Amino acid sequence: MSHDPSANAPAERDRREAVREKAQQVKAKQTRWRIARRSAIAVGAVAVIGIGAVGVSAALNSREDRSQALPDAASDDGFLVTSAPQVANPLADQTVDGTAATMAAEATPTAEPTPEPTSTAAPVDIRVYVDYLSTEAREFQSANATQLSKWVGDDAATLTYYPVAMLTSKSNGTKYSLRAAGAAACVATHASDRFFAFNHELLTTQPAVDTDGYSDQQLADMAQGAGVSDVATVRSCIEDETYTAWAKAATDRAIKGLPGTDGQALTSTATVLVNGTPYVGNMDDAKEFAQFVLTVDSNAYYSTATPAPSTTPVG
């Protein structure tokens, strides 16, 4: 029986065509996969860029919001003490009992004729610029907290604190002075009745210079410990550093000039003004400060007094 090779030719061609078709299908499938992969990468890249843009935009908006945030409670960058409860005072033995008005009355000049006031004298105006890393600010608060509280309670004085941040570089890069000043603004704005207590806590338990200082979370804990009622709002304000940009701007303004003074600028903390007159005595001597208040207040009192009409006949 003879064998005809040509009989296998169609089968061989069919096999080669099948292999070629299979190869083309595989190639087409790989092409489609590569195209899909490129498309997925492109879509992912666009999504990442979009998310990144949203994140950057949110960060910029958040930063802008913080930079524009101004504490409503501030007046000329200071916070008036509306409630001054008694606080722990490490130097209580140095405090002076009695109000400024009482002390002024005890020091009434005896020279004749004695002036007779026509109205009650206004409370003495006490303004205190504090950096929460300042040793002198701590000494002043520790020595004078009790009598300041009493004077405010007796309406013998108005007391305003001005948080500033002159020692921001003295906390290992954490900007503690700035953050603490911003935290004080948060409490003054959202819990004004607890500002005096929080301010006192910041000053009398201040961290050492050239340490990290308290974290934002710890500052919020201190505010809560001071008795703020709206804990969530105050904590959010402090931890978000809502008023740090304001604190920096307020410090810059104070360095250029203090409101209500004749061109005086902030050069150190604590800086204490009594009716606009700088106190230059010992910051840790409550008696010396009380005498200074007495002197300034008496001068203001008698400079506005009207002498009693003379009873000596004329002519």
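Residues numbered from 1 in each chain as written. Predicted model: local features only at pLDDT ≥ 70, side-chain atom pairs only at ≥ 80, totals over all residues. Heavy atoms only, no water.

**Focus on the pairing of strand S3 (residues 124–131)**
- Judged by how many residues are buried, S3 sits mostly within the fold: seven of eight residues are covered.
- The pairing of S3 with strand S4 (residues 157–164) spans eight bridges and is parallel. Residue pairing across strands places Val124 opposite Ala157, the latter belonging to S4.
- Since S3 and S4 lie parallel, the crossover through helix H3 (residues 135–153) that links them has a hand, and here it is right-handed.
- Across four bridges, the pairing between S3 and strand S5 (residues 271–274) is antiparallel. By the bridge assignment for S5, Val128 is matched with Val272. (Buried < 20%, exposed > 50% of the residue type's maximum accessible area, 1.4 Å probe, protein only. Helix = DSSP H or I, 4+ residues; strand = E, 2+ residues; numbered from the N terminus. Pairing = 2+ DSSP bridges. Right-handed = clockwise from strand over helix to strand, strands pointing away.)

**Considering the nonpolar core**
- Ile126, Trp151, Leu159, Tyr161, Val272 and Phe289 are the most contacted members of the largest nonpolar core, which has 62 residues in total.
- Among the elements that line this core, the one with the most residues is helix H4 (residues 176–190), at ten residues.
- Ignoring any residue separated from it by four or fewer positions in sequence, one finds Leu159 in contact with Phe79, Leu80, Val81, Ile126, Val128, Leu148, Val152 and Phe196. (Core = buried A, V, L, I, M, F, W, Y, C linked by side-chain atoms within 4.5 Å. Contact = heavy atoms within 4.5 Å.)

**So, helix H5 (residues 195–204)**
- Taken across its ten residues, H5 has eight buried, putting it largely inside the fold.
- Those residues of H5 not exposed but buried are Phe195, Phe196, Ala197, Phe198, Asn199, His200, Leu202 and Leu203.
- Looking at the packing, one finds that the buried side of H5 touches strand S1 (79–80), S3, H3, S4, H4 and helix H6 (216–225).

**Description of the pairing of S4**
- Within S4, seven of the eight residues are buried, which leaves it mostly tucked inside the rest of the structure.
- Examined bridge by bridge, S1 and S4 share two bridges and lie antiparallel to one another. Paired with Leu80 across the bridge in S4 is Thr160.

**Digging into the sheet that holds S3**
- With respect to topology, five strands assemble into an open sheet ordered S1-S4-S3-S5-S6, the strand pairing being mixed. The open sheet is flanked by S1 and strand S6 (277–278), the only strands paired with a single partner.
- Where S5 and S6 come together, two bridges link them in antiparallel fashion. Across the sheet, residue Leu273 finds its bridge partner in S6, namely Pro278.
- Lying over the sheet, H5 contacts S1, S3 and S4, oriented at roughly 50 degrees with respect to S4. (Axes fitted to C-alpha atoms, helices over the stretch in contact; angles between N-to-C directions.)

**Re the state of the cysteines**
- By the definition in use, this model includes one disulfide.
- In this model Cys186 forms its disulfide with Cys237; the gap between the sulfur atoms is 2.0 Å. For the disulfide bridge between Cys186 and Cys237, the dihedral angle about the S-S bond is near -80 degrees, and by the sign convention the bridge is left-handed. Taken together, the positions of Cys186 in helix H4 and Cys237 in helix H7 (residues 231–239) put the pair 51 residues apart, joining distant regions of the chain. Per residue, the accessibility class of Cys186 equals that of Cys237, and both read buried. (Disulfide = S-S within 2.5 Å.)

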